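# Residue-level structure breakdown
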Amino acid sequence: MNTILAVLTGFLTLGLVMTATAADSPLFLDASQPREARVEDLLGRLTLEEKVALLHADSKFSASAVPRLGIPRRWMSDGPHGVREEIGPDDWKPAGRTDDFSTCMPCGIALGATWDPDLARKEGEAIGQEARARGKHIMLGPGLNLQRTPLCGRNFEYMGEDPFLTSRMAVGYIVGEQSQGVASCAKHFAVNNQETERTSVSVELDERALRELYLPAFQAAVKDAGVLAVMGAYNRLRGQYCCENDYLLNRILKGEWGFQGLVVSDWNGVHHTAEAALNGLDLEMGTDQPYHGFYLADAYLEGLRDGTYPMAGLDDKVRRNLRVMFATHMFDPGPKGSLNTPEHQATARHVAEEAMVLLKNDNNLLPLDESTLKSVAVIGANATELQAYGGNSSGIKALYEITPLQGILNRVGGKVTVTYAKGYGGINALALAGQAVQAARQAEVVIFVAGLGHAKGQDTEDSDRKDLKLPDGQDELIARVSEANPKMVVVMVSGSPVEMPWLSKAPAVLQAWYSGTEGGNALAGILFGDVNPSGKLPCTFPKRLEDTPVAVLGEYPGKGGVVHYTEGLMVGYRYYDTKKVEPLFPFGHGLSYTHFTYSNFHVAEGAPATVQFDLSNRGSRAGAEVAQVYIHQVQPSLPRPLQELKGFRKISLAPGATQTVSIPLEIGAFSYYDPAKGGWLAEKGQFEIRVGSSSRDIRWSGKFTLEH
Ligand code: GLC
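Throughout this description, residue numbers start from 1 for each chain and increase along the sequence as written. Only residues with pLDDT of 70 or above have their local features reported here, since the model is predicted, and side-chain atom pairs are shown and tallied only from 80 upward, although totals for entire chains, interfaces and linings are computed over all residues. The side-chain figures draw on all heavy atoms in the structure; neither hydrogens nor water molecules are used.

At least two bridges found by DSSP between two strands is the condition for calling them paired. Here a helix means four or more residues in a row that DSSP labels H or I, a strand means two or more in a row labelled E, and each is numbered from the N terminus. With mixed pairing, the six strands of this open sheet are ordered in space as β11-β16-β15-β14-β12-β13. Each end of this open sheet is capped by a strand with a single partner; those strands are β11 (357–361) and β13 (417–421). Neighbour-to-neighbour, the strand axes of the sheet open up by a mean angle of 15°, direction not taken into account. Taken together, the four bridges between strand β15 (residues 488–493) and strand β16 (residues 508–511) define a ladder with parallel strand orientation. Residue pairing in the sheet places valine 490 in a bridge with valine 509 of β16. Axis lines are fitted through C-alpha atoms, for helices just across the contact stretch, and the angle between N-to-C directions can take any value from 0 to 180 degrees.

This brings us to the sheet that holds strand β6 (residues 202–204). Strand order in this open sheet of four strands is β9-β8-β6-β17, and the pairing throughout is mixed. Both edges of this open sheet fall to β9 (240–241) and β17 (562–564), since each of them pairs with a single strand only. Bridge analysis of β6 against strand β8 (residues 236–237) gives two bridges, and the strand direction is parallel. Across the sheet, residue serine 202 finds its bridge partner in β8, namely arginine 236.

Our focus in this paragraph is the pattern of salt bridges. Each reported salt bridge corresponds to a side-chain nitrogen of Lys or Arg within 4 Å of a carboxyl oxygen of Asp or Glu. Applying the stated rule across the entire model yields 50 salt bridges. In this structure, the salt-bridge partner of glutamate 86 is arginine 134, at a minimum N-O distance of 2.9 Å. Residue glutamate 86 is located in the loop between β3 (74–77) and α4 (108–114), and its partner arginine 134 is located in the loop between α5 (117–133) and β4 (138–139); the two are separated by 48 residues in the primary sequence. Residue classification places glutamate 86 among the buried positions, given a relative accessible area of 12%. Exposure categories follow from relative accessible area, calculated using a 1.4 Å probe and restricted to protein chains: below 20% of the type maximum is buried, above 50% is exposed, and the middle band is partly exposed.

A separate point is the packing of aromatic side chains. Any two rings among Phe, Tyr and Trp, with Trp reduced to its six-membered ring, count as a pair given centres within 6.5 Å; such a pair is stacked if its planes are under 30 degrees apart, edge-to-face if over 60, and tilted if neither. Tallied over the full model, the rule gives 25 aromatic pairs. Between phenylalanine 670 and phenylalanine 687 the ring centres are 5.0 Å apart and the planes differ by 80°, which places this aromatic pair in the edge-to-face class. Here the residue phenylalanine 670 occupies a position in the loop between β22 (658–665) and β23 (672–674), and phenylalanine 687 occupies one in strand β25 (residues 685–694), the gap between them amounting to 17 residues. Here phenylalanine 670 matches phenylalanine 687 in class, with each residue buried. Clustering of aromatic rings is evident, with ring pairs tying together Trp115, Phe164, Tyr573, Phe587, Tyr630 and Phe648. Consider the ring centre and the ring normal. A charge sits over the ring if Lys NZ or Arg CZ is within 6 Å of that centre and within 35 degrees of that normal. Above the face of the tyrosine 565 ring, arginine 148 is positioned so that its terminal group lies 3.8 Å from the ring centre.

With that out of the way, let us pick up the site of the ligand. Proximity criterion: a residue is near a molecule or strand once any of its heavy atoms comes within 4 Å of it. Around the ligand there are 15 residues in total, and Asp78, Lys187, His188, Tyr234 and Asp266 lie nearest to it. Here a polar contact means two N or O atoms within 3.5 Å. Within protein one must be a hydrogen donor candidate and the other an acceptor candidate, and residues neighboring in sequence count only if both atoms are side-chain atoms. Aspartate 78 is positioned such that a nitrogen or oxygen atom in its side chain is 2.5 Å from an oxygen atom of the ligand. The contact in question runs from an oxygen atom of the ligand to an N or O atom on the side chain of aspartate 266, over 2.7 Å. Considered on its own, the ligand offers 310 Å² of accessible surface; in the complex 98% of this is hidden by protein. Computed with a 1.4 Å probe, the accessible areas rest on the Shrake-Rupley method; for each residue, only the protein chains presented here act as cover.

For the chain, per-residue confidence averages 96 on the pLDDT scale, and residues scoring 70 or more make up 97% of the total. The pLDDT score gives, residue by residue, the confidence of the prediction method on a 0 to 100 scale. It only takes one pair of heavy atoms within 4.5 Å for two residues to be counted as in contact. Below pLDDT 50 for its whole length, residues 16–21 participates in zero contacts with residues either more than four positions away or in separate chains.

Close contact between α5 and helix α6 (residues 163–178) brings their axes to 6 Å; oriented N to C, the two are set at 35°. Judged by the twist between their axes, the crossing of α5 over α6 is right-handed. Of α6, the residues touching α5 (which contributes Pro117, Ala120, Arg121, Glu123, Gly124, Glu125, Ile127 and Gly128) are Arg168, Met169, Gly172, Tyr173, Val175, Gly176 and Glu177. Lys, Arg, Asp and Glu make up the charged group, whereas Ala, Val, Leu, Ile, Met, Phe, Trp, Tyr, Cys and Pro make up the nonpolar group; the residues left over, Gly among them, are polar. Partitioned by chemical class, the residues of the contact of α5 with α6 number six nonpolar, four polar and five charged. A clockwise turn of the near helix away from the far one marks a right-handed crossing, whereas an anticlockwise turn of less than a right angle marks a left-handed crossing.

Following the sequence through the fold, threonine 166 ends up in helix α6. With residues up to four places along the chain from it excluded, the contact list for threonine 166 reads Leu144, Leu146, Met159, Gly160 and Ala217.

Because each turn of an α-helix spans 3.6 residues, side chains separated by three or four positions in sequence point in the same direction. Within helix α11 (residues 298–305), the full set of buried residues consists of Tyr300, Leu301, Gly303 and Leu304. Along the long axis of α11, the arc covered by the buried residues comes to 165°, so they all point the same way. Opposite the packed face of α11, turned more than 90 degrees from it, sit the exposed residues Glu302 and Arg305. Looking at the buried residues of α11, the elements they touch are α3 (48–53), α10 (273–278) and α12 (311–327). Just downstream of α11 lies glycine 307, where phi reads positive at about 85°. Taken from the helix axis, the directions to the C-beta atoms give the arc we talk about.

Listed below in structure tokens is the structure:
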């Protein structure tokens, strides 16, 4: 009897304790509660000082905790290509840890060159898993700024010159990354298209260019991907800093688009307490002050106390921060993530394989046949240069990085005689060049690995390029090497277009980008035919700098601290196609080791239109084609570019296979922004729907009348 009584008493006590505990445990800790209810509950528990503490950094990459309520510190990390090494805590010096190696994905423009949103999602997932494993809550990427000029030092981080392509790739990446319980951060909002005077230049541009070119990728991030954070840019828009810009942050981002997440500043991008308080900033990072001296710290607290700033505005900021905290599992376990796994490395390789663009392949020099090939000379500093760590904030301390030379040795070393000559770079250029020419002469085939790097004035943050030329005398050397051995493949390791005065002397050219941890293996796979290249250019390669729209119509880098985007909508192929300027290689261009035909086109009703066609692989190799759909309006009331990308599909086909492709075109595909109306307008009337393998390789054009 006593035993039964004891057991019953125990259960009763346990029940009482649990009830009491449940009653004591605050609602915001209950993960089964709706997020907004948890936000309101926690908001109501915070003091004024605690609320303000949540709105600014307490180290280089963290925001304050509130220990009294069990709110932990929030950790942020760059960047778009993977999880950056540990920095700080209170300066920009690397922390010198040994547990912060990570997987380096190919750079942003390489991801753009895949034209594969599903692969972008896989990349986002992998980076999100590594972020979780490294204890990060907010990842500072993707970079969504448009390539307005090929000179911009950060073009390598972004996804090219077209807003529709960037939008689709951004949505894939963000959905993938946030699916892992990490907040993505769309950056840099907005019109941050040059590094020259980046922290002060004021951009002046017409509303159509802003709305039709520079904002859509951010709009897609918010409305299609539900991005949880947006980073204000350093520069000014129409005179007001983007991190404290009423029009951008309050009117457009939060007003028109209904953004519910948080706006974080770029590091040291905030300049005034009043503007930061009232114009939509929610989290201040990196200000060159002690943390209590941040604009949203003591000064803001004082202004709240004396009634200068409304408490409602404070609560809105806090709600946005709390929303992101709950979304990133700061009060419940959440996914534990994983770091440097074979799966992540395989994803990095897959992205690199799909990103490389075969620009030229005369006489099918590629792929090389290892069964008959006796010797190959690999030439160029970029064949051995490590790139992952460079470029400033997007640099990654990679667990390893396979260089082009290493990839080629991994693939054919021992079967083919591989010689290497640096060829260029450094002090003894002449001796180097001579050795390279000699090596070329003695080999059956030459693989010349050319390109840029992350040095100042090349592909890096905080500086722009001065021209589109290859440095270190590469142009001359490529020409000399081709004289010594015409069977030369040029592999371009770069993050933005370069001029190619030697192009007629190079039978094959492959744009390899900065292709991350597995880049060398991906390159070798393409060179030796294990992988059929399927990348397409996400930006135009102009013949020369003088041909570019910014050089002809625009203003760059501006004067007196102001840059006018006088080219308007004439950016990239929109310019080259409208003004009939011949590029070196057009937007959307990319060859394959097989060939595809398009047939049986028709436009079906619905969406309001759906273009359908058959795509066939007529070659002997499996491969993937990116079919592109461009819209031309016959007689618009306002000037429009000749054509605009409004749909694409990447289709993999076995040899001989045919697939019917349907690409819906929603009303937005026909619309332009009408400043007089203050909104988007799809005018009734005649359109042409164009389907092609690139912007200049149009396979079909059909008339379509928009009725309503
Ligand atoms: C840098 C970059 C931004 C980066 C941030 C933190 O200046 O502009 O992209 O996320 O500061 O490193």
